[in-house]
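# Working through the structure, step by step
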Amino acid sequence: MSADKILHAPPDLDPFARELPRLDHALSRRIDADPERVQRGLAQLVLTIVELLRQLMERQALRRIDGGTLSDEQVERLGQTFMELDRRMEELREHFGLTEEDLNLALGPLGNLL
Amino acid sequence: MIELYAIAEQPAPEVPSPLRAVAAGSLVAVCGPADDEVTPEALWQREMVLEGLMADRNLLPVRYGTRVEDEEAAARAVEERREHLAAALERVRGAVELSVRVVGEAGTAVHEPLLALARDAVVSRPQAPESHRAAYLVDRAAIQEFVDTVAALQRTTTNLQVLCTGPWPPYSFTSP
């Protein structure tokens, strides 16, 4: 169900991923097989999540239906989810010596995105 | 308090617990427990619910964080806006949202050919270094052609980077 949401990626994802933590080149040295592919997969995963957050944060789906929409504090917290992504990247790095499949498992509730 | 996820049409979809499909006339409000913790996981799980529903029906995604007292209030909120919501559902019937972001000088040049393949588009302000950012409402049957066109534009235009994501619930097209 949670197939990759990137339908078309440009040759260079970097300009779109400025707000993301740099994918450390050192990481790829720890990958035996096809480091480029793994690194790209990781970039796509994070971009997918960021794009989703962007969608949800930027767009007002149905206008306020009733009382009880998000408080300012919650909106701020939502903004901080970008920071949360940093942390997640760290976790991913810890698992990075493993296979792509292991990487998926490490994502837990985010599901298999790669 | 419960949270509204999406507005769909009858017959009510089967939703996994603890979600509930609340009937409101010809429409259905998909609701779930209100989550105090706003996390990427919560957003993503919600997205998964919407995408699961979207697989075989049309829906309007409700803004994240929209809460009502109980199921009765949810039904009432939908009933009160019945005509508006029905018209909005008509607009997105059989379509999905595709997001396009462009980096490069010719950013806006991609808009016309993509719009030609879409039912509608919402252009939003690009954020540097982007030169174009838009959401396109695209018929399900036209998704592949749209993506192929994105790839072709990327190939034939110098100094252009196009990122296309989706299919998304029609977040940008919820007004009739």
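Residues numbered from 1 in each chain as written. Chains lettered and ligands numbered in written order. Predicted model: local features only at pLDDT ≥ 70, side-chain atom pairs only at ≥ 80, totals over all residues. Heavy atoms only, no water.

When you go through chain A residue by residue, the secondary structure sums to 5 helices and 1 strand. Written out in order from the N terminus, the α and β elements of chain A read β-α-α-α-α-α. Partitioning the intrachain contacts of chain A with sequence separation of at least 6 by distance along the chain shows that 71% fall at a separation of at least 24. For chain A, the exposed surface amounts to about 6,100 Å²; the carbon and sulfur share of it is 48%. (Helix = DSSP H or I, 4+ residues; strand = E, 2+ residues; numbered from the N terminus. Contact = heavy atoms within 4.5 Å. Areas by Shrake-Rupley, 256 points an atom, 1.4 Å probe, with all protein chains shown as cover.)

Attention now goes to the pattern of salt bridges. All names here are of chain B. Summed over all chains, the structure comprises 10 salt bridges over all chains. Among the salt bridges present, the one from E9 reaches R93, with a minimum N-O distance of 2.7 Å. In this pair, E9 sits in strand β1 (residues 2-9) while R93 sits in the loop between α3 (82-92) and β6 (95-104), placing the two residues 84 residues apart along the sequence. The exposure class of E9 is partly exposed, given its relative accessible area of 21%. With relative accessibility at 29%, the residue R93 sits in the partly exposed group. In this structure, E80 engages R81 in a salt bridge whose closest nitrogen and oxygen atoms are separated by 3.6 Å. E80 sits in the exposed class, given a relative accessible area of 59%. A cluster of three or more residues bridged by salt bridges with shared partners is formed by E9, E90 and R93. (Salt bridge = Lys/Arg side-chain N within 4 Å of Asp/Glu carboxyl O. Buried < 20%, exposed > 50% of the residue type's maximum accessible area, 1.4 Å probe, protein only.)

Moving on, we get to the environment of B:Y171. Within the element layout of this structure, B:Y171 appears in the segment after β9 (160-168). Along the backbone, B:Y171 and B:N159 are 12 residues apart, and their C-alpha atoms lie at a distance of 30 Å.

A few words on the nonpolar core. Residues and elements named next belong to chain B. Ranked by internal contacts, the top residues of the largest apolar core, which has 32 residues, are V100, L114, Y136, V138 and F146. Among the elements of the structure, β1, α1 (40-54), β6, β8 (130-139), α5 (143-156) and β9 are those that each provide at least two residues to this core. Among the elements that line this core, the one with the most residues is α5, at 5 residues. The residues touching V100, leaving out its near neighbours within four places in the chain, are L114, H132, R133, A134, Y136, F146, V162, L163 and C164. In this structure, I7, L85, A135 and F173 belong to the second largest nonpolar core, which totals 23 residues. (Core = buried A, V, L, I, M, F, W, Y, C linked by side-chain atoms within 4.5 Å.)

Here the focus is the sheet that holds strand β7 (residues 120-124) of chain B. Strand order in the open sheet formed by 5 strands is β1(A)-β9(B)-β6(B)-β8(B)-β7(B), and the pairing between neighbours is antiparallel. What marks the edges here is a single partner per strand, and that holds for β1 (6-8) of chain A together with β7 of chain B. In this sheet, adjacent strand axes meet at a mean angle of 25 degrees when their direction is disregarded. Here β6(B) runs beside β9(B); their pairing, made up of 7 bridges, is antiparallel. Of the residues in β9(B), the one forming a bridge with B:S99 is B:T165. (Pairing = 2+ DSSP bridges. Axes fitted to C-alpha atoms, helices over the stretch in contact; angles between N-to-C directions.)

Bringing α3(B) into the picture now. One turn of an α-helix holds 3.6 residues; hence residues three or four places apart share an orientation. All names here are of chain B. Looking at α3, one finds that the buried residues are L85, A88, L89 and V92. Buried residues in α3, looked at end-on, bunch into an arc of 100 degrees, giving them a common side. Buried-residue contacts for α3 involve β1, β3 (27-33), β4 (59-61), α2 (71-80), β6 and β8. Downstream of α3 by one or two residues, G94 has phi in the positive range, about 75 degrees. (Arc of directions from axis to C-beta.)

A word on the pairing of strand β2 (residues 20-24) of chain B. When β2(B) meets β3(B), the two strands line up antiparallel, connected through 5 bridges. When the bridges of β3(B) are listed, B:A21 appears paired with B:V30.

Turning to the confidence of the model for chain B, a few remarks are in order. When pLDDT is averaged across chain B, the result is 88; 94% of the residues are at 70 or more. Among the scores for the predicted complex, ipTM is 0.82 and pTM is 0.71. (pLDDT = per-residue confidence, 0-100.)

Before going further, it helps to spend a moment on the packing of aromatic side chains. All names here are of chain B. Per the counting criterion, the structure on display carries 1 aromatic pair over all chains. Seen from their ring centres, Y136 and F146 are 5.3 Å apart, and the 55 degrees between their planes marks the pair as tilted. In this pair, Y136 sits in strand β8 while F146 sits in helix α5, placing the two residues 10 residues apart along the sequence. An identical accessibility class is assigned to Y136 and F146; each is buried. Cation over ring: R46 sits above Y5, and NZ or CZ is 4.7 Å from the ring centre. (Phe/Tyr/Trp six-rings, centres within 6.5 Å; stacked < 30°, edge-to-face > 60°. Lys NZ or Arg CZ within 6 Å of the ring centre and 35° of its normal.)

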